[in-house]
Amino acid sequence: MQLHELSIQETHELLSSRKISSEELTRAYLERIHRLDPQIKSYVTVADELALEQARDADQRLKTDESCTPLTGIPYSAKDSISTRGINTTCSSKILENYKPFYDATAIKKLISTNSVLLGKNNMDEFGMGSSTENSGFFTTRNPWNFDHVPGGSSGGSAAAVAAGLAPFALGEDTGGSVRMPASFCGITGLKTTYGRVSRYGLIPLVSSFDTIGPMALSAYDVALVLEAIAGHDRKDSTSRLESVQNYSASLKQSENLRGLRIGIPKEYFVEGLDPEVDSSLRTAIKQIESLGAEVVEVSLPHTQYAIPVYYLISFAEASSNLAKYDGIRFGLSERNAESLMDVYLKTRELGFGAETKRRIMLGTFALSAGYYDAYYLKAQKVRTLIRQDFEKAFESCDALITPVSPTTAFRIGEKITNPLDMYLSDVFVVAVNLAGIPALSVPCGLSNGLPIGMQIMGPLLSEETLLRIGHMYQSQTDWHTKHPPCWNDLP
Amino acid sequence: MKYQAVIGLEVHAELLTKSKMFCGCAVVDSITAKPNRYICPVCTGQPGALPVLNKKAIELAVRVGLALGCQIHTESIFARKNYFYPDLPKGYQISQYDQPLATDGKIQIETEAGIKEVRIRRVHLEEDTGKLSHADAHSFIDYNRSGVPLLEIVTEPDLRSPEEVRAYATKLHAILRYLDVNSGDMEKGVIRFEANVSVREEGSDQLNTRTEIKNLNSFRALTLGTEYEIQRQGEIYARGGIVEQETLGFNEATGKTYSQRGKEEAHDYRYFPEPDLPPLVLDSAWIESIRASLPELPEAKMRRFIEQYELTPQEARLLISEKLLADYFEEVVSKSKSPAKMISSWIAGEFMRYMNDMNLDMAKIPIDAEDLAQLIDMVLDKTVSGSSAKVVLAEMFKNGGKPAEIVKAKNLAQVSDEGFIQDIITKILNDNPKEVEQFLAGKESLLQWFMGQAARATRGKADPTKTKELLLKAVEDKRK
Amino acid sequence: MSKKQELQIDEKLVKEIASLARLDLSKEETEMFVSQFKDILDYVSILNEVDTENVPPAYLWSANKSVTREDEIEESVPMQEFLSNAPQSKDEYVVIPRIHMEQ
C-alpha cells in the first residue's frame, strides 16, 4: 500500500511508532505533487523547502515528545485565501500574485503548533468567487476523476489535491458552498463549519458574514481529527464562538449506530432539475442511514427559493467592500506607470481583477449605494432572517437534514462560465446553509458516469459532532469514500 | 435682506486610551513618533485581519455621552463607511451610522445675549486614519495614527454666530479635558473641528445649502473661518447667486475659505453594518456606574467656586479653565491659611505669568501646592512683603526650593521694625527736600516715589503698609 | 422607495458605479455590465414577493454580543516587515504619487 492511500489515523500510527518519518512521508507527497499536479493543477504554490523543514521539526517532536497529536507530522495543503506567513497567499488573483503575508492565519498557527506539514497552497476561484475554479486568475484546476470536468469551487484546488492523493487533508473555505461543492464533485468528505467555529483571523475575506474555514479529507473521521485541531475561540476574531471544542474523533469512535436520530428531508430540495442519478443516489443513501437506526421525516424549508438572490445580494455587497483594500498602495500588484493616484487605483484594479470579480464588485457597490440599499441589501437581510427561521423550525422536528449538494455532477470546463446567472443557480442547494450560519457535511454517496455524487448533511448551529457521526456511520456501511479517481494509482 | 447664519459643528476627538480602537498597537503622538512603528495587520488593513473593540474607548465614549446629557443606547452597531483614500488602509472606515452609541444631548453656552442651549445630535465611535505628508511628486503615508479611537460629536445646526461657535467649542473642549478623555491639544490635531455653515433669511426656517469647513485648527481659525464663510454666503445670496455644496479649507493667513477640490465627488459612503463586529450591548448598571463616577464638570465647578470661595465669576472662570489648574488651586487652598480670594489672585497673576512665560505644562506644575501655600501665608502674616514674595516665586519657578529657605538665603524677610523703617524714612526725607516740598504742595504721586525709595533702601524688605504709615506721618510732620 | 421605480440601468449608471468602485472599464465591459446588471437585478427582484414587514434584518442577530478587549498595548509589527510588501516605500513611509488636494 502506498503512503497516500493511508488514512490520517493509520499514518499517525506509523509515525508515532517511528515506522516512517514525517520527512519520508512529506517527500512522498511532494514527489506525487510534482509528478501529477502539472495535469491536475491543484496547487498554486508548492513549498518544498519549508515543508521539509517542518517535517524535520515534526520528526524531532515525534522522537522526543510524549504529547504528539494525531496531526503531528501529517502533511496538508491550504486554500490560497488562508494567510501563511512568508508564503505566497494569492487568492488565485493577479492582484495578489506575489503577496506574502507577514502573519499566519490562526488556523495555520494551530496546525503549526501540532507540527503538521504545509505542502503548499491550493488553487481557487479568484477571491472565492465562483463554483468551479474556472475563475482562478491563473489556471483552471481539473477534476481528478475526469480532466475535462471542473472540480467544483471555489475550493476546487483543495478538493482535487485530496482526491488525487496529493495531500492527506486540506483546509478549504466555504462561503456559499465552496467546500461542499468541490468535495461533492471530487468524491471526498468536506465540512462547512458553523460560522465562528473556526477563527477567521487570517482568512482573506470574501463575505465576512458567511466565510468559514473547513477541513477536507477522505473520510468523516479524518475531517473530525482536523476539526479538533483548528476549531476554537480566538480573541482576535470577534465573531468566533466561545463554546468549547468537543473531542469529535472520540465521539465517532464510540458511536455504534444512529438510533434515536431524526433525519429531515426538506421537500424543496428534491424537485425537478435534479439529475435522476443524483436523486437516486441520495435516496439510496437515505435508506442506508435509516437502516442504521435513524428515523426519517419530511420537513419544509419554505423560503428555499429565495436563498440564491439573498445570498448573492449580501455576498456581492460585502465582497465589494472587502475588496476595496486592493488598491496598489501597501501590498500586491501596483501599476505605477501612472500619472496620478487615481490612475494607480484604476489601472491596478483593472489589471488585477478577473471578470467575475469585477462583476461582483460592481453589483455589490450598486446594491449598497444610496437609494438602493433598502430595496436590495436590507431586503435581502430581512429575507435571510426568514431563511434562518426556516431552519430553526425544521430542527425542532429533526436533528439533521439530508439533501443533495448539487443538482448535477461536475459539469464540463467551459460549460457554465459564459453565463454567470447559470453558475449562480447551480448553488441552489448549498447557499441557504451559509445564510443561516449552520454547519453542513458533504459525503460521497455515488458515482454517475465516473463522476462522484455527494450527499449534504446539515445540522443546527454547533452540531458538527452529529453531522460527523452520521457521516462516519454511513461510511462504516458504504464504500463510496474509498473509491478513487484513475490517477490515484498512477505509478511512475 | 438680513441673513442669519445656521451652523452645526462636528468635532472629532482622539480618545486617551493606551491602545488603538480595534487592535493592541500603542496610541502615540503621531507628530513625534517615528513613522510606521506602531502598526499591525489590523490597523494597516492587511487582508484577513479582524477588528476587536477596545473596552476603554467605549467607556470614555459613554462618559462623554453622559456628560453631554445624551441618551446612551444599550444596543449600538458599527458600520463600514466605504471610500477610497490612501490614509484609509481598508478602503473603509469602521464607524457608526444607524444606531450610534449616544444621541439627543445638549449643552449650555454663555453668549452675550444670555444662556443658550445647543443640542447634540449624536456621539459615536470610529477609528482615525493614517497621516499623509507631501513632497515633490510624492505623498507619504504613516499608519501610526491609523486605528486610533476617535469620538465624533455632532450638533444640530443650532449655532447662529461665530461667537456662539467659539463658545460651544471652548466649552466642549473644556468638558473633554475635564473628563480626561482627550488631551485637548488642537495644534496636534488630537481634537478637530469642522463647521457646517449655511445662511438664510432671518425669520425663515428653511435650511439652505451648506458648506463644510475642515481643518480649523484653533479657536481663532474656527471663529474667523465661520465668520468669513457666513459673509461669503450672504454676499452670494445678495447678488442672487447659488451657494455650492462643497468642502472648504480655511487659510488663516488670508482669512478666507477656499474650495478643496476641483470636481466635487459624490460622497456615497454605502454604509452597511460591520459584519466583523457583533452588536455592542451595554449593561445599564455599568452605564450608571460611569455616570456616578463622572467628575465635576466645568459649569458646576465654577458655580461652586463662586459660592464656596466667594470668588467673582471672572476669577472662577479663569481657575476652572483647566481642570488641573482648578485642582491645583483647591489643593493650595486646603494647605493654606490665606483667604481663597488672595490665593486666587496670586495664581491668576504671578503664578500664571510664569507658567505661560516658561511655557509650562499644567500637568507638570513645578511648585508643590504646599509650597505655594506656604509662600502666600508668609505674605499674609507679613513675614515677607508682596514684592519680596514675587522674587521668591520667581526663584521657585527657576530653580525650585522651599519658600522659607529662599527667604532666608536671600535675606528677604520683611522688616516691620518701626525704628529701622523710621530711620530710613528720615534719611530719605532729609535727602530729598525738594520732593517733600512738592508733595506737600499737592503732588500726590510722589508718595509712590517715596515708597519706591524706601523699598530700594530696604531692598524691598520693609513692610509696605508700615512704611506708608510712617512716611505719611513723617511728611505731615514736615508740614508743621 | 420611488428611486426603485425610476431605476434606469444604463451606461451612465454603470459608469457611476465603476467610478465609486475604482474600476476602469472598457467600452465592451461597460456594455456587458449593462445587460448583466439587468438580468441579475431582474432575477433578484423575486425577493419583492416576500413579506418582510416586522422582520428584523439578520445582522442584528449574533451568537456573540459585545465582544471587547482590555485596553492593553500589544507588540507591533516590525516596520521593515510591513514596508517590504509595499510597492514603493522610502525612509520608513509608504510612497504614492502625490495627492494634490486634501479630501
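This text goes with the structure placed above it.
Residues numbered from 1 in each chain as written. Chains lettered and ligands numbered in written order. Predicted model: local features only at pLDDT ≥ 70, side-chain atom pairs only at ≥ 80, totals over all residues.

**Student:** Tell me about the overall build of chain A, and name the residues and values.
**Tutor:** When helices and strands are counted, chain A shows 16 helices and 11 strands. Taken against the 2.2 N^0.38 rule, which gives 23 Å for 492 residues, the C-alpha radius of gyration of chain A at 21 Å falls within 12% of a compact globule. Projected onto its principal axes, the C-alpha coordinates of chain A cover approximately 65 × 55 × 45 Å. At a minimum sequence separation of 6, the contacts of chain A that also span at least 24 residues come to 76%. (Helix = DSSP H or I, 4+ residues; strand = E, 2+ residues; numbered from the N terminus. Rg over C-alpha atoms; globule rule 2.2 N^0.38 Å. Contact = placed C-beta atoms within 7 Å.)

**Student:** So what about the overall build of chain C? Which residues, and what values?
**Tutor:** A count of helices and strands for chain C gives four helices and three strands. Secondary structure elements of chain C, listed N to C terminal, follow the sequence α-α-α-β-α-β-β. Relative to the globule expectation of 13 Å for 103 residues, the C-alpha radius of gyration of chain C, 23 Å, shows a markedly less compact shape. When each of the 103 residues of chain C is scored for burial, the buried share is 25%. (Buried ≥ 20, exposed ≤ 12 C-beta atoms within 10 Å, placed from the backbone.)

**Student:** Would you mind going over the sheet that holds strand β9 (residues 400-404) of chain A in detail, with residue names and values included?
**Tutor:** Residue and element names in this part refer to chain A. Spatial strand order, β1-β3-β2-β4-β6-β5-β10-β11-β9-β7-β8: 11 strands in an open sheet with mixed pairing. Where the open sheet ends on each side, the last strands, each with one partner, are β1 (43-46) and β8 (295-299). Ignoring which end each strand starts from, the neighbouring axes of this sheet average 30° apart. Helix-sheet contacts for helix α5 (residues 156-163) involve β1, β2 (75-79), β3 (117-122), β4 (169-174), β5 (189-192) and β6 (212-217), and the interaxial angle to β4 is about 155°. (Pairing = 2+ DSSP bridges. Axes fitted to C-alpha atoms, helices over the stretch in contact; angles between N-to-C directions.)

**Student:** Please set out the environment of Gly120 of chain A residue by residue, giving values where relevant.
**Tutor:** Residues and elements named next belong to chain A. Here Gly120 is to be found in strand β3. Overall, the presence of 30 C-beta atoms within 10 Å leaves Gly120 in the buried class. Between the C-alpha atoms of Gly120 and Ala78, which are 42 residues apart in sequence, the distance is 6.6 Å. With residues near it in sequence (within four places) discarded, Gly120 still touches Tyr43, Thr45, Val46, Ala47 and Ser77.

**Student:** Report on the environment of Ala26 of chain B, specifying residues and quantitative values.
**Tutor:** On the secondary structure map, Ala26 of chain B appears in the loop between β1 (3-14) and β2 (53-54). The exposure class of Ala26 of chain B is partly exposed, given the 18 C-beta atoms found within 10 Å. Those residues in contact with Ala26 of chain B that lie beyond four places of it in its chain are Lys18, Ser19 and Tyr38 of chain B together with Ile73 of chain C.

**Student:** I'd like a description of the sheet that holds strand β11 (residues 149-155) of chain B, backed by residues and values.
**Tutor:** All names here are of chain B. Spatially, the nine strands line up as an open sheet ordered β3-β7-β8-β11-β1-β12-β13-β14-β15, and their pairing is mixed. In the strand order of this sheet, the two ends are held by β3 (71-72) and β15 (256-259), each with one partner. For β1 and β11, the ladder comprises five bridges, and the chain directions are antiparallel. Counterpart to Glu10 in the pairing with β11 is Val154. With respect to the sheet, helix α2 (residues 162-178) is in contact with β1, β7 (102-111), β8 (114-127), β11 and β12 (191-201), its orientation differing from that of β7 by roughly 115°. Against the sheet, helix α3 (residues 219-238) makes contact with β1, β12, β13 (211-216), β14 (247-251) and β15, and its axis sits at roughly 25° relative to β12, the strand it touches most.

**Student:** Explain the interface of chain C and chain A to me, using residue names and the numbers behind them.
**Tutor:** Between chain C and chain A, the contact holds 41 residues from the first and 54 residues from the second. Mapped onto the side of chain C that touches chain A, the elements with two or more residues apiece are α1 (2-6), α2 (11-20), α3 (27-44), α4 (79-83) and β3 (93-97) of chain C. Take the side of chain C that touches chain A: its biggest share by element is seven residues, from α3 of chain C.

**Student:** Kindly report on the pairing of β3 of chain C, identifying the contributing residues and their values.
**Tutor:** Here is the key point about a regular strand: its side chains alternate between the two faces of the sheet. For β3 of chain C, the buried fraction is high: four of the five residues fall into the buried class. As judged from the four bridges shared by strand β10 (residues 138-142) of chain B and β3 of chain C, these two strands associate in the antiparallel manner. Its bridge partner being in β3 of chain C, Ser139 of chain B is matched across the sheet by Ile96 of chain C. Bridging between strand β2 (residues 89-90) of chain C and β3 of chain C involves two bridges; their strand directions are antiparallel. Within β3 of chain C, the residue paired with Lys90 of chain C across the bridge is Tyr93 of chain C. Where β2 of chain C folds back on β3 of chain C, the antiparallel hairpin that results is connected by two residues, among which Asp91 of chain C adopts a positive phi of roughly 50°.

**Student:** Which residues make up unusual backbone geometry, and what values go with them?
**Tutor:** Of the consecutive residues Gly153 of chain A and Ser154 of chain A, the connecting peptide bond is found in the cis state with omega at 10°. With respect to the element layout, Ser154 of chain A can be found in the loop between β3 and α5. Unlike most non-glycine residues, Leu462 of chain A shows phi in positive territory, near 60°. Mapped onto the secondary structure, Leu462 of chain A falls in the loop between β11 (451-458) and α16 (464-477). A count of 21 C-beta atoms within 10 Å places Leu462 of chain A in the buried class. Backbone geometry at Ser66 of chain C places phi at a positive 50°, although glycine is not the residue there. With respect to the secondary-structure elements, Ser66 of chain C resides in the loop between α3 and β1 (68-69).

**Student:** Tell me about the interface of chain A and chain B, and name the residues and values.
**Tutor:** Counting from both sides, the interface comprises 32 residues of chain A and, opposite them, 24 residues of chain B. For the side of chain A that touches chain B, the secondary structure elements donating two or more residues are α10 (307-322), α11 (341-352) and α12 (355-368) of chain A. Considering each element in turn, the side of chain A that touches chain B owes the most residues, three residues, to α10 of chain A. Looking at side-chain class alone, the side of chain A that touches chain B contains 15 nonpolar, nine polar and eight charged residues. (Nonpolar A, V, L, I, M, F, W, Y, C, P; charged D, E, K, R; others polar.)

**Student:** Go over the packing of helix α9 (residues 276-291) of chain A against α16 of chain A, please, and point to the residues and values.
**Tutor:** A pair of packed helices is characterised by two quantities: the angle between their axes and the separation of those axes. Residues and elements named next belong to chain A. Where α9 meets α16, the axes come as close as 10 Å, and the angle between the chain directions of the two elements is 100°. In this view, α9 runs roughly perpendicular relative to α16, as classed from their interaxial angle. Listed contacts from α16 to Ala285, Gln288 and Ile289 of α9 are Ile470, Tyr474 and Gln477. The residue makeup of the contact of α9 with α16, split by class, is four nonpolar, two polar and no charged. (Parallel < 35°, antiparallel > 145°, perpendicular 65-115°, else oblique.)

**Student:** Can you break down the nonpolar core residue by residue, with the values?
**Tutor:** Residues Tyr76, Val162 and Leu313 of chain A are the most contacted members of the largest nonpolar core, which totals 257 residues. With 10 residues, the single largest contributor to this core is α10 of chain A. Once residues lying within four places of it in the same chain are set aside, the contact partners of Leu313 of chain A are Ala367, Tyr376, Tyr377 and Ala380 of chain A together with Val44 of chain C. Counting residues in each nonpolar core, the second largest holds 30 residues, with Phe329, Phe351, Val384 and Ala389 of chain B among its members. (Core = buried A, V, L, I, M, F, W, Y, C linked by C-beta atoms within 7 Å.)

**Student:** Run through the pairing of β5 of chain A, naming residues and quoting values.
**Tutor:** Residues and elements named next belong to chain A. Side chains Thr189 and Leu191 project from β5 onto one buried face, and the interleaved Gly190 and Lys192 project onto a second face that is buried too. Where β5 lies against β6, two bridges are found, and the strand directions are antiparallel. Residue pairing across strands places Thr189 opposite Ala217, the latter belonging to β6. When β5 meets strand β10 (residues 440-448), the two strands line up antiparallel, connected through three bridges. The partner of Leu191 across the bridge, within β10, is Leu441.

In short, shape yes, function no, at least from these values alone.
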